[in-house]
Amino acid sequence: MPLTKAGQFFSSGHTNNWAVLVCTSRFWFNYRHVANTLSVYRSVKRLGIPDSHIVLMLADDMACNYRNPKPATVFSHKNMELNVYGDDVEVDYRGYEVTVENFLRVLTGRLPPSTPRSKRLLSDDRSNILIYLTGHGGNGFLKFQDSEEISNMELADAFEQMWQKRRYNELLFIIDTCQGASMYERFYSPNLMALASSQVGEDSLSHQPDLAIGVHLMDKYTFYLLEFLEEVHPASQANMNDLFKVCPQSQCVSTPGHRTDLFQRDPGSVLITDFFGSVRKVEITKDTINLTSPVELPVQKSGRGDIQIESLTYVDQLPVSEIIHQA
Amino acid sequence: MAAHRYGLSLVFILIFSLLAHPSSCDTLEKANDNTGEKQSVSDAPQEVNTDGSAAVEDLNERQWQSTDVEVDRSDGTKDSETFTPAAAKDQFQEELVIRPLHSGDIYASFQFRTLWDIDFLQEGQKVSHYRLFPKSLGQVLSKFSVRELHISFTQGFWRTMQWGQPFIPSPPGAELWVWFHDTVSDVDGNWKELTNVLSGIFCASLNFIDLTNTVQPSASFKPLGLGNVTDHRFLRYATLPREIVCTENLTPWKKLLPCGSKAGLAVLMKSEKLFHSSFHSQAVHIRPVCQDEQCTSKAWELRQTLNVVFDLYTSGQGKKEWSLFKMFSRTLTEACPLATSSKIYVDITDNPEGELFELTPATPLLSQAVVLGDRRTYSVYDLTRAETFGQLRSLNLLLRWKGDSGDMLRPLLHAERYVAGFGLQTGEIHTVIYNNHPYRAFPVLLMDSVPWYLQLYIHTLTVTSKSRDNKPSE
């Protein structure tokens, strides 16, 4: 029997959303990769995922780069229409911290104990995770920082580790690089859905240059993805089939591909906001609960068992005689 | 063995200005600190009796009234609805100092200061209620037993000869120095974990600080706060000169403020304007200070400072006319409601008759203070008073230059560094220190930290002053 609206509402099975957004390229002429990542970051934040649930990795700094004619901005549309950098961005891994090792450690959770929370992917078995990668890639690999690469087998194994450790409920993988479809060929874990901007043997192309900034601002696939996501709001019913139609070959020149065989639900029933947003499932109740005993504050001791009688002083900043005699 | 440091030669200016710094801080704040530091402490009735002397101090007139508290101990009935919060033991002050520079640029320095009468490191007292002091920093201080923490992120180079001395000097990139409490057994371990935690808080790559770029200065750094312990084993210093400062560092910095960036002076902090400047530096300084005049107990002071120099040509479009709107693309409409004092100071020392520049709106309040050894006069705008905002309910200071400013006073101490030669065999590093005082000599302490890959030959060190070689003493 067909699912009712309420039944459908509670059927997706996830309770929280995470996003891992990675830009792997360095150097000023790869401005568009940073702009790609920031556009997805902006959409994901707008649709409700908080900064604490987003791990943003940018391999180079474009906004405050000395070559940027407008500092603290990263634009996605020419004529500086839309600043995707914004005023409240939080980058978790930046510069030389974006390495293959750190990326895999974030995914699998095997980080050193002193890593702060904002740099960890603290997902559980009811988390839906969105992973977005962009940069320069080839057949079966993605280049990090111009010095190392991650292969599609490593990525598939990382996802399998995540599945074994129950670190995700469902995972959406989007990649915007040349020959991007090769990166999801080797996946073998369940509940994975993948999208790529181009097939094996094809290049993903960049969109528009801006003459004032002097570089290409975005890649074609992510540009149309951003346009599509700007139409999505937290209550929208757009589903994955609409996402597969983003950027057909007439617009993108390359052929975007997708893979859904490992995914258990029908893509037509998967909402965009299941991955890009953080729609909280709220059940409204009219019952009231009586709180019985009031909270008792702990007694505030004065804490000064033995009062220091001698007065404290500031230290002399440049005790010349002491320094001369010390050496 | 003196530790050598590479990268910034302004370190001894740090030392020198630190001499002047405590005084400048106190006098500036005395100018605006019209309320006393005394707070009313809530005591249970029992403690007043045993203590004898009144533990409750005078409650001075304040601009906001803290709620008086008596802990409700006698009333144990279940349906008592009164919930009395503890007395406020922290206060917050914000100020902005604007100094027009002779080259036509303008120097704006924000300072947000939170004072909290509590002792993190005291045994048996676990702090669980944070009001104005940010919880993330409070937990860091207690977990790692930190006595003092100074961290700064700077973009740009401070041009002493054109701009004078900065209020708080900072090297380009990131700088972190920490004094640990003397109860810490493993200082290096605490240091490593502290840098990782701070890298998460400030969205910076501070985790690249490790033992290869940390130094333990043995003579130059002294605690800026209270305390008798100056054992240098508990001091760690590191810089990351290549660290970039951008909006992602400003965002968590703004989140530490009690009013965030929603009210008070922090609404002026728009990253598109702040980073389009010649110099930008944001810092967090935490240290213990005296709670009152007698200085028998400690309070924690958190100072968040942001110094920015706007360039005449890039931000000013070449016109020697500055306003709050031109600098920050915002005007002020209110003070932060949680602040006891919220003021703007404009430096008018060089403009006693108004012949150099014109400042509108006019204000009757004036303040004088000794800053970095100089007596300066300031026009004060008090944001806690409604009449400051005028009829339009918004304050936009306008500073229009009228005449040519001429030359500014040469700063007393100044340093330069340059590289000569090339390669490891013939390369040289020259550090030149200038003393522009007509007759006085000053002791100067130079700390240089050299990265491990740069091999300096100590026997080639020559110290030349007035064209005569000096022989370093043993």
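Quick caveat, the model's predicted, so the values are computed rather than measured.

### As for the packing of helix α3 (residues 135-144) of chain B against helix α5 (residues 187-202) of chain B
Residues and elements named next belong to chain B.
Okay, step 1: One way to put it is that α3 packs onto α5 with a least axis distance of 11 Å and a crossing angle of 175 degrees. Compared by their axis directions, α3 and α5 come out roughly antiparallel. Contact with α3, carried on its side by Ser136, Leu137, Val140, Lys143 and Phe144, involves Asn190, Glu193, Leu194, Val197 and Ile201 of α5 and no other residues of that element.

### Looking at unusual backbone geometry
Okay, step 1: Cis peptide bonds are those with omega within 30 degrees of zero, and the linkage from B:Thr360 to B:Pro361 qualifies with -5 degrees.
Okay, step 2: Tracing the sequence through the fold places B:Pro361 in the loop between β12 (357-360) and β13 (366-371).
Okay, step 3: The phi torsion at A:Val253 lies on the positive side, around 70 degrees, for a residue other than glycine.
Okay, step 4: Mapped onto the fold, A:Val253 is located in the loop between α7 (249-252) and β10 (257-259).

### Points about helix α4 (residues 152-164) of chain A
Residues and elements named next belong to chain A.
Okay, step 1: In a regular helix each residue adds 1.5 Å, so 13 residues correspond to 18 Å; α4 covers 18 Å between its end C-alpha atoms and thus fits that length.
Okay, step 2: Where α4 is buried, its residues touch α3 (100-108), β4 (127-134), β7 (148-151), β8 (170-176) and β9 (192-196).
Okay, step 3: Of the residues one or two after α4, Arg166 is the one with positive phi, at around 60 degrees.

### Considerations on a nonpolar patch on the surface
Okay, step 1: Nonpolar side chains collect at one region of the surface, where B:Val419, B:Ile429 and B:Leu456 lie side by side and expose about 250 Å² of accessible area between them.
Okay, step 2: Counting through the fold element by element, B:Leu456 comes out in the loop between β18 (448-449) and β19 (463-465).

### Focus on the domain arrangement of chain A
Okay, step 1: Domain annotation for chain A reports domain 1 (5-276) and domain 2 (295-326).
Okay, step 2: Computed over C-alpha atoms, the centres of domain 1 of chain A and domain 2 of chain A are 51 Å apart.

### Observations regarding the state of the cysteines
Okay, step 1: According to the stated counting rule, one finds three disulfides over all chains in the structure shown.
Okay, step 2: Disulfide pairing places A:Cys64 opposite B:Cys246 at an S-S distance of 2.1 Å. An S-S torsion of about 80 degrees defines the bridge between A:Cys64 and B:Cys246 as right-handed. Here A:Cys64 is found in the loop between β2 (54-58) and β3 (93-94), whereas its partner B:Cys246 is found in the loop between β7 (235-240) and α6 (247-255) on a different chain. The two residues A:Cys64 and B:Cys246 agree in class, both being buried.
Okay, step 3: A sulfur-sulfur distance of 1.8 Å marks the disulfide that ties A:Cys247 to A:Cys252. The sign of the S-S torsion, about 95 degrees, decides the handedness of the disulfide formed by A:Cys247 and A:Cys252: right-handed. Considered together, A:Cys247 and A:Cys252 belong to a single accessibility category, that of buried residues.
Okay, step 4: A:Cys178 takes part in no disulfide bond, and the closest cysteine sulfur to it belongs to A:Cys252, at a distance of 12 Å.
Okay, step 5: For A:Cys178, a relative accessible area of 18% translates into the label buried.
Okay, step 6: For the unlinked cysteine B:Cys203, the closest cysteine sulfur is that of B:Cys246, found at 11 Å.

### A few points about the sheet that holds strand β10 (residues 321-323) of chain B
Residue and element names in this part refer to chain B.
Okay, step 1: One open sheet holds the three strands; their spatial order is β10-β15-β12, and the pairing between them is antiparallel. The sheet terminates laterally at β10 and β12, the two strands that pair on one side only. Direction aside, neighbouring strands of the sheet carry axes that sit 10 degrees apart on average.
Okay, step 2: Direction of pairing for β10 relative to strand β15 (residues 398-401): antiparallel, over a ladder of three bridges. Its bridge partner being in β15, Trp322 is matched across the sheet by Leu399.

### Section: the pairing of β13(B)
The side chains of a regular strand alternate, residue by residue, between the two faces of the sheet.
All names here are of chain B.
Okay, step 1: Only one face of β13 is buried, namely the one carrying Ser367, Ala369 and Val371, since none of Leu366, Gln368 and Val370 on the opposite face is buried.
Okay, step 2: Strand direction decides the pairing type here: β13 and strand β14 (residues 374-382), joined by six bridges, are antiparallel. The residue of β14 that forms the bridge with Gln368 is Thr377.
Okay, step 3: In this structure, the hairpin formed by β13 and β14 is closed by a connection of two residues, where Leu372 is found at a positive phi of approximately 55 degrees.

### Observations regarding the UniProt feature "active site" (unreviewed entry) in chain A
Residue and element names in this part refer to chain A.
Okay, step 1: The UniProt record marks His136 and Cys178 with the feature "active site" (unreviewed entry), using the residue numbering of this structure. Across 43 residues of sequence, these annotated residues stay compact in space, with a maximum C-alpha separation of 6.5 Å.
Okay, step 2: Look at His136 and you get partly exposed, because its relative accessible area is 26%.
Okay, step 3: At 2.9 Å, the side chain of His136 and the side chain of Asn30 are in polar contact.
Okay, step 4: Once residues within four sequence positions are removed from consideration, Cys178 is found in contact with Gly137, Gly138, Ser198, Glu202, Asp203 and Ser204.

### A look at the pattern of salt bridges
Residues and elements named next belong to chain B.
Okay, step 1: Following the criterion strictly, the structure yields 29 salt bridges over all chains and no others.
Okay, step 2: Among the salt bridges present, the one from Asp188 reaches Arg236, with a minimum N-O distance of 2.9 Å. Linking Asp188 in helix α5 with Arg236 in strand β7, this pair joins segments that are 48 residues apart in sequence.
Okay, step 3: Classification of Asp188 as partly exposed rests on a relative accessible area of 34%.
Okay, step 4: Here Glu321 and Arg400 are joined by a salt bridge, their closest N and O atoms 3.4 Å apart.

### Examining the sheet that holds β2(A)
All names here are of chain A.
Okay, step 1: With mixed pairing, seven strands are arranged side by side in an open sheet as β3-β2-β1-β4-β8-β9-β10. With partners counted over all chains shown, the strands left at the sheet margins are β3 and β10, one partner each.
Okay, step 2: With three bridges connecting them, β9 and β10 associate as antiparallel partners. What sits directly across from Leu195, in β10, is His258.
Okay, step 3: The sheet strands contacting α4 are β4, β8 and β9, and the helix crosses β8 at an angle near 160 degrees.

### Regarding helix α5 (residues 220-230) of chain A
Okay, step 1: Burial analysis of α5(A) places nine of its eleven residues in the buried class, which makes it a mostly covered element.
Okay, step 2: Among the residues making up α5(A), those that are buried are A:Lys220, A:Tyr221, A:Thr222, A:Phe223, A:Tyr224, A:Leu225, A:Leu226, A:Phe228 and A:Leu229.

Parameters and conventions
- Residues numbered from 1 in each chain as written.
- Chains lettered and ligands numbered in written order.
- Predicted model: local features only at pLDDT ≥ 70, side-chain atom pairs only at ≥ 80, totals over all residues.
- Heavy atoms only, no water.
- Axes fitted to C-alpha atoms, helices over the stretch in contact; angles between N-to-C directions.
- Helix = DSSP H or I, 4+ residues; strand = E, 2+ residues; numbered from the N terminus.
- Parallel < 35°, antiparallel > 145°, perpendicular 65-115°, else oblique.
- Contact = heavy atoms within 4.5 Å.
- Expected span 1.5 Å × (residues − 1).
- Patch = residues over 30% accessible without salt bridge, like charges linked within 9 Å, V, L, I, M, F, W, Y side chains within 5 Å.
- Areas by Shrake-Rupley, 256 points an atom, 1.4 Å probe, with all protein chains shown as cover.
- Salt bridge = Lys/Arg side-chain N within 4 Å of Asp/Glu carboxyl O.
- Domains from an automatic or database assignment.
- Disulfide = S-S within 2.5 Å.
- Buried < 20%, exposed > 50% of the residue type's maximum accessible area, 1.4 Å probe, protein only.
- Pairing = 2+ DSSP bridges.
- UniProt positions renumbered as here; feature names shortened; annotations may be inferred.
- Polar contact = N/O pair within 3.5 Å; in protein donor to acceptor, adjacent residues only side chain to side chain.

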